[in-house]
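Residue-level structural notes
The lines below spell out each chain.
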Amino acid sequence: MTQVQPTQKVYGAWQQIPVTPSRQMTVDAQQMAAHWRRCSLSSDFWAQYMSLFIPTRVTEEYLGRGEVEQVLAYLLNELFENCAKFSNGSHQLVRYVAWSQDDSMLFQVTNHILPEGQAPFAKLIDEMLNNDPHELYFQRLEENVELDLDGSGLGYLTLIKDFGVQFSFRFRPQENGSTAVDVQAKVSLQQE
Amino acid sequence: MSDNNLIEGEGYSVEHNPGTHVVSFNGTMRLKTSADYAHINTLLDRAYQETGDDEKLTLDFRHLQFLNSSGINTVSRFVITSRKQNKASLQVLGNQDIYWQQKSLTNLQRLWSNVTIDIQ
Ligand SMILES: Nc1ncnc2c1ncn2[C@@H]1O[C@H](COP(=O)(O)OP(=O)(O)OP(=O)(O)O)[C@@H](O)[C@H]1O
Ligand SMILES: [Mg+2]
């Protein structure tokens, strides 16, 4: 079982799960960025794959299979896109892992950045997890019109605000000089 | 229909009908950067200019399965720039069976009160 090392930093409600599931995938971030539609393809595949856990008929309080598939496809595409766009340094490995839980599904996507990239990303995470996502979302939209930023900064916020996804983040410095970024996303299978 | 009213990419298309003032989106649109969305922006801006002040421009998303958050940013930006010009109003058509549309399209109405949303 892995322990949180003192050098690791965690943001949000991190779930420490000892069992690694067999549902996982590793890809190369550079390859994904170069062949962009692989983000879309991988997310649609895993969304459909995971949605088969959902029975064909569910009671009213639960999301149906089709709905789950659409939520997951949206979520995973945003996560894979981020790995493809923001991986930095010589370590380009991206790892995807998924757990099926009682009333939720949990996804963890890992990519690597340069150590100096941690502080600015962590600042953004802090802001995102400790403010009203609704306010932040509209504030960011209005700002984006003035600035011509490359990332719109709306990915996580949209998922939190419109899809009710719960995020948690972990930074792990590696011996090879890179820093691993683990993003955990929890999707509730119950209707809001 | 002239070429600059139709954008066709891998897996998606965007078409402007100047006669009916409708821009329709089809397929799955998950482009990489805001620069990749620039031509969509150009088409939308032109469609808006070609719509009379007392007319309305319709954005029809009913056949758009997916739009990533960069795409949502592009559409939202268009709504904000239209609001700043404050001319033709906007109508947004969505599809009840497409989950992101159910959840996210109403955000556009919050950006400008002259946007009506119709999720069918
Ligand atoms: N996996 C990641 N590794 C490193 N940095 C990341 C990662 N994911 C997000 N970031 C940082 O967090 C910011 C916010 O990410 P988010 O997905 O919300 O928006 P975006 O990717 O900039 O724009 P959009 O998702 O709307 O296209 C990014 O701009 C980037 O700086
Ligand atoms: Mg993103």
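Bear in mind the structure is a predicted one, so any value in this text is a computation, not a measurement.

1. Digging into the overall build of chain A
Counting secondary structure elements, chain A contains six helices and six strands. N-terminal to C-terminal, the α/β element order of chain A is β-β-α-α-α-β-β-α-α-α-β-β. Here the C-alpha atoms of chain A give a radius of gyration of 17 Å, agreeing with the 16 Å that 2.2 N^0.38 yields for 192 residues. Its C-alpha atoms give chain A principal-axis dimensions of roughly 50 × 45 × 35 Å. Within the span of chain A, comprising 192 residues, buried residues form 48% of the whole. Counting only contacts in chain A whose residues sit at least 6 apart along the sequence, the fraction spanning at least 24 positions is 69%. By element, 49% of the accessible surface of chain A is carried by carbon and sulfur atoms, the whole surface being about 9,700 Å².

2. Here's the deal with the site of ligand 1
Residues in contact with ligand 1 amount to 16 residues; listed here are only the nearest, N82, N111 and S152 of chain A together with S69 and S70 of chain B. More than one chain reaches ligand 1: the nearby residues come from chains A and B. The side chain of K85 of chain A places a nitrogen or oxygen atom 3.0 Å from an oxygen atom of ligand 1. L154 of chain A is positioned with one of its backbone polar atoms (N or O) 3.4 Å from an oxygen atom of ligand 1. Relative to its unbound accessible surface of 590 Å², ligand 1 loses 90% to contact with the protein.

3. Focus: the pairing of strand β6 (residues 179-188) of chain A
All names here are of chain A. In terms of burial, β6 is largely enclosed, as eight of its ten residues are buried. Here strand β4 (residues 104-113) runs beside β6; their pairing, made up of ten bridges, is antiparallel. If you follow M105 over to β6, its bridge partner there is V187. Taken together, the eight bridges between strand β5 (residues 166-173) and β6 define a ladder with antiparallel strand orientation. Bridging from a neighbouring strand, F169 pairs with V183 of β6. Two successive antiparallel strands, β5 and β6, enclose a turn made up of five residues, where G177 displays a positive phi of approximately 95 degrees.

4. Structural notes on the confidence of the model for chain B
A residue-level look at chain B finds 98% of positions with pLDDT of 70 or above and a mean pLDDT of 96. The complex model carries a pTM of 0.96, and its ipTM stands at 0.95.

5. Here's the deal with the interface of chain A and chain B
The interface of chain A with chain B comprises 36 residues on the first partner and 31 residues on the second. For the pairing of chain A and chain B, the buried interface totals around 2,800 Å² over both sides, and the portion due to carbon and sulfur atoms is 48%. Three residues stand out in chain A for area buried against chain B, namely Q70, Y74 and V145 of chain A, and they jointly supply 20% of the buried area on that side. The interface formed by chain A and chain B contains five salt bridges.

6. Structural notes on the sheet that holds strand β2 (residues 12-17) of chain B
All names here are of chain B. The strand order β1-β2-β3-β4-β5-β6 describes an open sheet built from six strands, whose pairing is mixed. If you trace the sheet from one side to the other, it starts and ends with β1 (6-9) and β6 (115-119), each paired once. Taken pair by pair, the neighbouring strands of this sheet meet at an average axis angle of 10 degrees, ignoring direction. In the sheet, strand β5 (residues 89-94) pairs with β6 via five bridges, with the strands oriented parallel. From the neighbouring strand, Q91 faces β6, where its bridge partner is T116.

7. Considerations on the packing of aromatic side chains
Residue and element names in this part refer to chain A. If you walk through the whole model with that rule in mind, you get 18 aromatic pairs over all chains. Note on F45 and Y49: the rings are 5.7 Å apart at their centroids and 45 degrees apart in plane angle, and the pair reads as tilted. Of this pair, F45 and Y49 both sit in helix α2 (residues 37-51), separated by four residues, roughly a single helical turn. Residue F45 is classed as partly exposed on the basis of its relative accessible area of 47%. Owing to a relative accessible area of 41%, Y49 belongs among the partly exposed residues under this scheme. Arranged with centres 5.1 Å apart and planes meeting at 75 degrees, the rings of Y156 and F167 form a pair that is edge-to-face.

8. Things to note about the nonpolar core
Across soluble globular proteins, you tend to see nonpolar side chains buried next to one another. Membership of the largest hydrophobic core comes to 89 residues, with the highest contact counts inside it found for Y96, F107 and F167 of chain A together with F25, M29, L59 and W100 of chain B. The element best represented in this core is helix α3 (residues 65-86) of chain A, accounting for eleven residues. Those residues within four positions of F167 of chain A in sequence are excluded, and the remaining contacts are G12, L75, L79, L129, Y156, L159, I160, V183, Q184 and A185 of chain A.

9. Digging into the sheet that holds strand β1 (residues 9-11) of chain A
Two orientations exist for strands paired in a sheet by backbone hydrogen bonds: parallel and antiparallel. All names here are of chain A. Strand order across the open sheet formed by six strands is β1-β5-β6-β4-β3-β2, with antiparallel pairing between neighbours. The strands lining the two open edges of the sheet, one partner per strand, are β1 and β2 (24-28). Shown here is a sheet whose adjacent strand axes are inclined to one another by a mean of 15 degrees, direction ignored. Against the sheet, α3 touches β2, β3 (93-100), β4, β5 and β6, its axis set at about 10 degrees to β4.

Conventions and cut-offs
Residues numbered from 1 in each chain as written. Chains lettered and ligands numbered in written order. Predicted model: local features only at pLDDT ≥ 70, side-chain atom pairs only at ≥ 80, totals over all residues. Heavy atoms only, no water. Helix = DSSP H or I, 4+ residues; strand = E, 2+ residues; numbered from the N terminus. Rg over C-alpha atoms; globule rule 2.2 N^0.38 Å. Buried < 20%, exposed > 50% of the residue type's maximum accessible area, 1.4 Å probe, protein only. Contact = heavy atoms within 4.5 Å. Areas by Shrake-Rupley, 256 points an atom, 1.4 Å probe, with all protein chains shown as cover. Near = heavy atom within 4 Å. Polar contact = N/O pair within 3.5 Å; in protein donor to acceptor, adjacent residues only side chain to side chain. Pairing = 2+ DSSP bridges. pLDDT = per-residue confidence, 0-100. Buried area = accessible area lost by both parts, 1.4 Å probe. Salt bridge = Lys/Arg side-chain N within 4 Å of Asp/Glu carboxyl O. Axes fitted to C-alpha atoms, helices over the stretch in contact; angles between N-to-C directions. Phe/Tyr/Trp six-rings, centres within 6.5 Å; stacked < 30°, edge-to-face > 60°. Core = buried A, V, L, I, M, F, W, Y, C linked by side-chain atoms within 4.5 Å.

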